Amino acid sequence: RRGVIRVPLWVHVIKDGALGAPDSAVKRQVRTLNAAYGGKFGGVDTGVRFELKGITHTANRAWFRDPFGHEREMKRKLRVGGPETLNLYIVQMERLILGYGTYPQWYAGAPELDGVMIDWRSLPGGPLRNFRRGFTAVHEIGHWMGLLHTFENGCDPPGDEVDDTPAEAYPTKGCPARKDTCPGPGSDPIHNFMDYSKDTCMREFTRGQAERMARMWQEYRAIAP
Ligand code: ARG
Ligand code: ZN
Ligand code: CA
(Lines give C-alpha, C1' and ligand atoms only; values in the text may rest on other atoms or scores of the structure.)
(Ligands and ions follow the chains in the order given, each with its own letter.)
Protein backbone atom coordinates (compact mmCIF):
# COMPACT_ATOMS: atom_id res chain seq x y z
CA ARG A 1 0.00 0.00 0.00
CA ARG A 2 1.23 3.51 -0.75
CA GLY A 3 2.98 5.55 1.92
CA VAL A 4 1.38 7.52 4.66
CA ILE A 5 0.59 11.19 3.96
CA ARG A 6 1.89 13.24 6.89
CA VAL A 7 0.17 16.61 7.10
CA PRO A 8 1.86 19.29 9.22
CA LEU A 9 -0.83 20.96 11.32
CA TRP A 10 -0.95 24.38 12.93
CA VAL A 11 -3.96 25.21 15.09
CA HIS A 12 -4.90 28.85 15.62
CA VAL A 13 -7.17 29.36 18.62
CA ILE A 14 -9.08 32.66 18.58
CA LYS A 15 -10.78 33.72 21.78
CA ASP A 16 -13.20 36.32 23.12
CA GLY A 17 -12.44 36.46 26.81
CA ALA A 18 -13.05 32.99 28.20
CA LEU A 19 -15.04 31.95 25.10
CA GLY A 20 -13.19 29.71 22.67
CA ALA A 21 -11.41 26.37 22.59
CA PRO A 22 -9.22 25.23 25.50
CA ASP A 23 -5.96 23.50 24.53
CA SER A 24 -7.25 20.24 26.02
CA ALA A 25 -10.06 20.22 23.43
CA VAL A 26 -7.59 21.01 20.64
CA LYS A 27 -5.49 17.99 21.63
CA ARG A 28 -8.59 15.76 21.68
CA GLN A 29 -9.51 17.14 18.25
CA VAL A 30 -6.13 16.15 16.81
CA ARG A 31 -6.52 12.63 18.24
CA THR A 32 -10.01 12.45 16.72
CA LEU A 33 -8.67 13.51 13.32
CA ASN A 34 -6.06 10.77 13.32
CA ALA A 35 -8.56 8.18 14.53
CA ALA A 36 -11.10 9.14 11.84
CA TYR A 37 -8.58 9.26 8.99
CA GLY A 38 -7.08 6.02 10.37
CA GLY A 39 -10.41 4.19 10.06
CA LYS A 40 -10.80 3.70 13.81
CA PHE A 41 -14.53 4.52 13.76
CA GLY A 42 -15.27 2.54 10.58
CA GLY A 43 -14.42 2.59 6.90
CA VAL A 44 -10.86 2.49 5.57
CA ASP A 45 -7.56 3.73 6.90
CA THR A 46 -7.03 6.61 4.47
CA GLY A 47 -3.31 6.77 5.20
CA VAL A 48 -3.61 10.46 6.08
CA ARG A 49 -2.10 11.55 9.43
CA PHE A 50 -1.91 14.96 11.09
CA GLU A 51 1.15 16.08 13.04
CA LEU A 52 0.53 18.97 15.41
CA LYS A 53 3.39 21.45 14.99
CA GLY A 54 2.05 24.15 17.28
CA ILE A 55 -0.93 26.05 18.68
CA THR A 56 -1.18 29.85 18.48
CA HIS A 57 -3.46 31.88 20.75
CA THR A 58 -5.07 35.17 19.78
CA ALA A 59 -7.53 37.23 21.79
CA ASN A 60 -9.70 39.04 19.23
CA ARG A 61 -13.43 39.50 19.68
CA ALA A 62 -14.04 40.64 16.09
CA TRP A 63 -12.21 37.69 14.50
CA PHE A 64 -13.93 35.31 16.90
CA ARG A 65 -17.47 36.57 16.30
CA ASP A 66 -17.26 37.44 12.59
CA PRO A 67 -14.57 35.23 11.06
CA PHE A 68 -15.81 35.64 7.49
CA GLY A 69 -15.77 39.41 7.82
CA HIS A 70 -12.14 39.27 8.95
CA GLU A 71 -10.97 36.18 7.08
CA ARG A 72 -8.22 37.82 5.04
CA GLU A 73 -6.89 39.89 7.93
CA MET A 74 -6.86 36.95 10.35
CA LYS A 75 -5.22 34.53 7.93
CA ARG A 76 -2.61 37.04 6.84
CA LYS A 77 -1.51 37.42 10.46
CA LEU A 78 -1.60 33.76 11.45
CA ARG A 79 -1.06 31.43 8.48
CA VAL A 80 2.17 29.45 8.31
CA GLY A 81 3.71 27.07 5.74
CA GLY A 82 2.92 26.23 2.12
CA PRO A 83 0.26 24.12 0.36
CA GLU A 84 1.20 21.06 2.46
CA THR A 85 0.57 22.72 5.82
CA LEU A 86 -2.93 22.62 7.28
CA ASN A 87 -3.87 25.80 9.13
CA LEU A 88 -6.91 25.17 11.33
CA TYR A 89 -8.60 28.29 12.71
CA ILE A 90 -10.92 27.81 15.67
CA VAL A 91 -13.48 30.59 15.91
CA GLN A 92 -17.24 30.97 16.44
CA MET A 93 -19.60 30.58 13.49
CA GLU A 94 -23.31 30.44 12.95
CA ARG A 95 -24.66 27.11 14.14
CA LEU A 96 -25.78 25.84 10.77
CA ILE A 97 -22.41 26.49 9.24
CA LEU A 98 -20.11 24.86 11.82
CA GLY A 99 -17.11 24.96 9.53
CA TYR A 100 -15.58 26.04 6.24
CA GLY A 101 -12.63 24.63 4.30
CA THR A 102 -10.84 25.63 1.10
CA TYR A 103 -10.18 23.20 -1.76
CA PRO A 104 -6.68 22.26 -2.97
CA GLN A 105 -7.42 23.68 -6.43
CA TRP A 106 -7.87 27.14 -4.89
CA TYR A 107 -4.38 27.24 -3.44
CA ALA A 108 -2.64 28.57 -6.55
CA GLY A 109 -5.06 31.48 -6.91
CA ALA A 110 -5.30 32.42 -3.23
CA PRO A 111 -2.56 30.79 -1.12
CA GLU A 112 -3.14 33.26 1.71
CA LEU A 113 -6.72 32.03 2.19
CA ASP A 114 -5.88 28.31 2.27
CA GLY A 115 -7.05 26.48 5.38
CA VAL A 116 -9.98 25.38 7.50
CA MET A 117 -12.15 27.34 9.94
CA ILE A 118 -14.31 25.54 12.49
CA ASP A 119 -16.60 26.52 15.34
CA TRP A 120 -14.99 25.92 18.76
CA ARG A 121 -18.26 24.37 19.94
CA SER A 122 -17.84 21.50 17.43
CA LEU A 123 -14.67 20.20 19.10
CA PRO A 124 -14.85 16.88 21.01
CA GLY A 125 -16.82 17.35 24.21
CA GLY A 126 -18.29 20.67 23.06
CA PRO A 127 -21.78 21.96 23.90
CA LEU A 128 -23.60 21.19 20.60
CA ARG A 129 -25.52 17.98 21.32
CA ASN A 130 -25.41 16.56 17.80
CA PHE A 131 -22.03 17.91 16.78
CA ARG A 132 -19.61 17.26 19.58
CA ARG A 133 -17.54 14.35 18.40
CA GLY A 134 -15.11 16.57 16.47
CA PHE A 135 -16.36 15.37 13.08
CA THR A 136 -16.92 18.89 11.77
CA ALA A 137 -13.13 19.25 11.52
CA VAL A 138 -12.91 15.78 9.95
CA HIS A 139 -15.46 16.88 7.31
CA GLU A 140 -13.90 20.28 6.57
CA ILE A 141 -10.43 18.80 6.29
CA GLY A 142 -11.93 16.31 3.83
CA HIS A 143 -12.71 19.33 1.62
CA TRP A 144 -9.18 20.68 2.20
CA MET A 145 -7.87 17.28 1.01
CA GLY A 146 -10.03 17.54 -2.13
CA LEU A 147 -13.23 15.64 -1.29
CA LEU A 148 -16.66 16.85 -2.39
CA HIS A 149 -19.95 16.26 -0.53
CA THR A 150 -21.42 12.81 -1.16
CA PHE A 151 -24.58 14.58 -2.42
CA GLU A 152 -22.69 16.72 -4.95
CA ASN A 153 -24.57 16.73 -8.30
CA GLY A 154 -27.45 14.78 -6.72
CA CYS A 155 -28.21 11.60 -8.65
CA ASP A 156 -26.36 12.83 -11.75
CA PRO A 157 -22.88 11.81 -12.78
CA PRO A 158 -20.15 12.51 -11.88
CA GLY A 159 -21.66 12.90 -8.39
CA ASP A 160 -18.82 13.41 -5.95
CA GLU A 161 -16.30 12.03 -8.47
CA VAL A 162 -15.74 8.98 -6.26
CA ASP A 163 -16.83 5.53 -7.51
CA ASP A 164 -17.65 3.72 -4.28
CA THR A 165 -19.91 6.33 -2.64
CA PRO A 166 -23.49 5.77 -3.90
CA ALA A 167 -25.13 8.90 -5.33
CA GLU A 168 -27.70 10.70 -3.19
CA ALA A 169 -30.22 13.32 -4.22
CA TYR A 170 -29.85 15.69 -1.26
CA PRO A 171 -27.94 16.05 2.05
CA THR A 172 -28.81 13.78 4.94
CA LYS A 173 -30.16 15.39 8.12
CA GLY A 174 -29.90 13.67 11.49
CA CYS A 175 -29.58 9.91 11.06
CA PRO A 176 -32.49 8.33 9.15
CA ALA A 177 -33.15 4.60 9.55
CA ARG A 178 -33.22 4.25 5.78
CA LYS A 179 -32.58 6.69 2.93
CA ASP A 180 -32.23 5.71 -0.72
CA THR A 181 -32.84 8.69 -2.97
CA CYS A 182 -31.22 7.71 -6.30
CA PRO A 183 -32.09 4.96 -8.78
CA GLY A 184 -28.51 3.63 -9.04
CA PRO A 185 -27.06 0.84 -6.85
CA GLY A 186 -26.53 1.32 -3.13
CA SER A 187 -28.46 3.29 -0.54
CA ASP A 188 -27.37 6.77 0.50
CA PRO A 189 -23.95 7.01 2.19
CA ILE A 190 -25.42 8.54 5.36
CA HIS A 191 -22.52 7.37 7.54
CA ASN A 192 -19.90 9.00 5.37
CA PHE A 193 -17.94 11.92 6.84
CA MET A 194 -18.69 13.95 3.69
CA ASP A 195 -22.50 13.85 4.08
CA TYR A 196 -24.42 16.24 6.40
CA SER A 197 -25.58 13.73 9.01
CA LYS A 198 -25.10 14.45 12.71
CA ASP A 199 -21.82 13.43 14.32
CA THR A 200 -23.31 10.35 15.99
CA CYS A 201 -24.27 9.06 12.52
CA MET A 202 -20.92 9.66 10.83
CA ARG A 203 -18.09 7.15 10.87
CA GLU A 204 -16.32 6.48 7.59
CA PHE A 205 -14.31 7.34 4.53
CA THR A 206 -14.21 4.90 1.59
CA ARG A 207 -11.32 3.44 -0.39
CA GLY A 208 -12.27 5.66 -3.34
CA GLN A 209 -12.17 8.77 -1.15
CA ALA A 210 -8.75 7.73 0.20
CA GLU A 211 -7.48 7.33 -3.36
CA ARG A 212 -8.86 10.71 -4.38
CA MET A 213 -7.19 12.38 -1.41
CA ALA A 214 -3.85 10.78 -2.30
CA ARG A 215 -4.23 11.94 -5.91
CA MET A 216 -5.16 15.48 -4.92
CA TRP A 217 -2.30 15.57 -2.43
CA GLN A 218 0.22 14.64 -5.10
CA GLU A 219 -1.19 17.11 -7.59
CA TYR A 220 -1.77 20.17 -5.39
CA ARG A 221 -0.18 19.90 -1.98
CA ALA A 222 2.83 17.56 -1.83
CA ILE A 223 6.16 19.35 -1.81
CA ALA A 224 8.50 17.72 -4.35
CA PRO A 225 11.38 15.97 -2.54
N1 ARG B 1 -21.94 22.47 6.90
C2 ARG B 1 -20.53 22.26 6.94
C3 ARG B 1 -19.92 22.00 5.55
O4 ARG B 1 -20.55 21.74 4.59
C5 ARG B 1 -20.11 21.22 7.98
C6 ARG B 1 -21.02 20.11 8.32
C7 ARG B 1 -20.40 19.21 9.39
N8 ARG B 1 -21.25 18.10 9.79
C9 ARG B 1 -21.08 17.40 10.96
N10 ARG B 1 -21.86 16.40 11.26
N11 ARG B 1 -20.14 17.71 11.81
O12 ARG B 1 -18.74 22.04 5.25
ZN1 ZN C 1 -18.92 20.38 3.61
CA1 CA D 1 -20.08 8.68 -5.81
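Residues numbered from 1 in each chain as written. Chains lettered and ligands numbered in written order. Predicted model: local features only at pLDDT ≥ 70, side-chain atom pairs only at ≥ 80, totals over all residues. Heavy atoms only, no water.

**Q** Mind showing me how you'd approach the overall build of the chain here?
**A** Helix and strand counts for the chain stand at five helices and five strands. Over its C-alpha atoms the chain spans a radius of gyration of 17 Å, differing by no more than 12% from the 17 Å that the globule rule assigns to 225 residues. Dimensions of the chain, computed from the C-alpha atoms along their principal axes, are close to 50 × 45 × 30 Å. Counting the 225 residues in the chain, one finds 53% classified as buried. Contacts in the chain between residues at least 24 apart in sequence constitute 67% of all its contacts with a sequence separation of at least 6. Counting every atom, the chain has about 10,400 Å² of accessible surface; 51% of that belongs to carbon and sulfur. (Helix = DSSP H or I, 4+ residues; strand = E, 2+ residues; numbered from the N terminus. Rg over C-alpha atoms; globule rule 2.2 N^0.38 Å. Buried < 20%, exposed > 50% of the residue type's maximum accessible area, 1.4 Å probe, protein only. Contact = heavy atoms within 4.5 Å. Areas by Shrake-Rupley, 256 points an atom, 1.4 Å probe, with all protein chains shown as cover.)

**Q** Looking at this structure, how should I read the site of ligand 1?
**A** Not every one of the 13 residues close to ligand 1 is listed here, only the nearest: Thr-136, Glu-140, Tyr-196, Ser-197 and Asp-199. One of the side-chain nitrogen or oxygen atoms of Tyr-196 is found 2.5 Å away from an oxygen atom of ligand 1. Within the contact set of ligand 1, a nitrogen atom lies 2.7 Å away from a backbone nitrogen or oxygen of Ser-197. The protein chains hide 92% of the 360 Å² of surface that ligand 1 would expose on its own. With respect to the pocket detection grid, ligand 1 is positioned in the largest pocket. (Near = heavy atom within 4 Å. Polar contact = N/O pair within 3.5 Å; in protein donor to acceptor, adjacent residues only side chain to side chain. 1 Å grid on protein atoms, 1.4 Å probe; cavity = no way out; pocket = protein on both sides within 12 Å on 5 of 7 lines; lining within 4 Å. Sits in = over half its atoms within 2 Å of the grid points.)

**Q** Just checking my understanding: could you explain the coordination of the zinc ion (ligand 2) for this structure?
**A** Six octahedrally arranged donors around a metal ideally form angles of 90 or 180 degrees; four tetrahedrally arranged donors ideally form angles of 109.5 degrees. At 2.0 Å from the zinc ion (ligand 2) lie its protein donor atoms, namely His-139 (NE2), His-143 (NE2) and His-149 (NE2). Along the chain, the residues donating to the zinc ion (ligand 2) fall in the pattern H-x3-H-x5-H. Of this pair, His-139 and His-143 both sit in helix α4 (residues 135-144), four residues apart, which is roughly one turn of that helix. Across this residue pair, the class does not change: His-139 and His-143 are buried. (Donors = N, O, S within 2.8 Å, 3.2 Å for Na, K, Ca; no water.)

**Q** Sorry if this is basic, but what is going on with the packing of aromatic side chains here?
**A** How two aromatic rings sit relative to each other is given by the distance of their centres and the angle of their planes. On inspection of all chains with the given rule, the structure shows 10 aromatic pairs. Note on Tyr-37 and Phe-205: the rings are 4.7 Å apart at their centroids and 40° apart in plane angle, and the pair reads as tilted. Here Tyr-37 is found in helix α1 (residues 23-37), whereas its partner Phe-205 is found in the loop between α4 and α5 (207-221), with 168 residues between them in sequence. Residue Phe-205 is classed as buried on the basis of its relative accessible area, which comes to 2%. (Phe/Tyr/Trp six-rings, centres within 6.5 Å; stacked < 30°, edge-to-face > 60°.)

**Q** Any chance you could explain the state of the cysteines here in plain terms?
**A** What we call a disulfide is simply a covalent bond connecting the sulfur atoms of a pair of cysteines. Counted by the stated rule, this structure contains two disulfides. In this model Cys-155 forms its disulfide with Cys-182; the gap between the sulfur atoms is 2.1 Å. Torsion about the S-S bond of the Cys-155 and Cys-182 cystine: about -85°, corresponding to left-handed handedness. Linking Cys-155 in the loop between α4 and α5 with Cys-182 in the loop between α4 and α5, this pair joins segments that are 27 residues apart in sequence. Taking the relative accessible area as the measure of exposure, Cys-155 reaches 34% and is therefore partly exposed. For Cys-182, a relative accessible area of 9% puts it in the buried group. Two residues share a disulfide in this structure: Cys-175 and Cys-201, whose sulfurs sit 2.1 Å from each other. Between Cys-175 and Cys-201 the disulfide shows an S-S torsion of about 65°. By sign, it is right-handed. Separated by 26 residues along the polypeptide, Cys-175 in the loop between α4 and α5 and Cys-201 in the loop between α4 and α5 bring together distant segments of the chain. According to the relative accessible area criterion, Cys-175 is partly exposed, its value standing at 35%. Residue class for Cys-201 comes out buried when judged on its relative accessible area of 1%. (Disulfide = S-S within 2.5 Å.)

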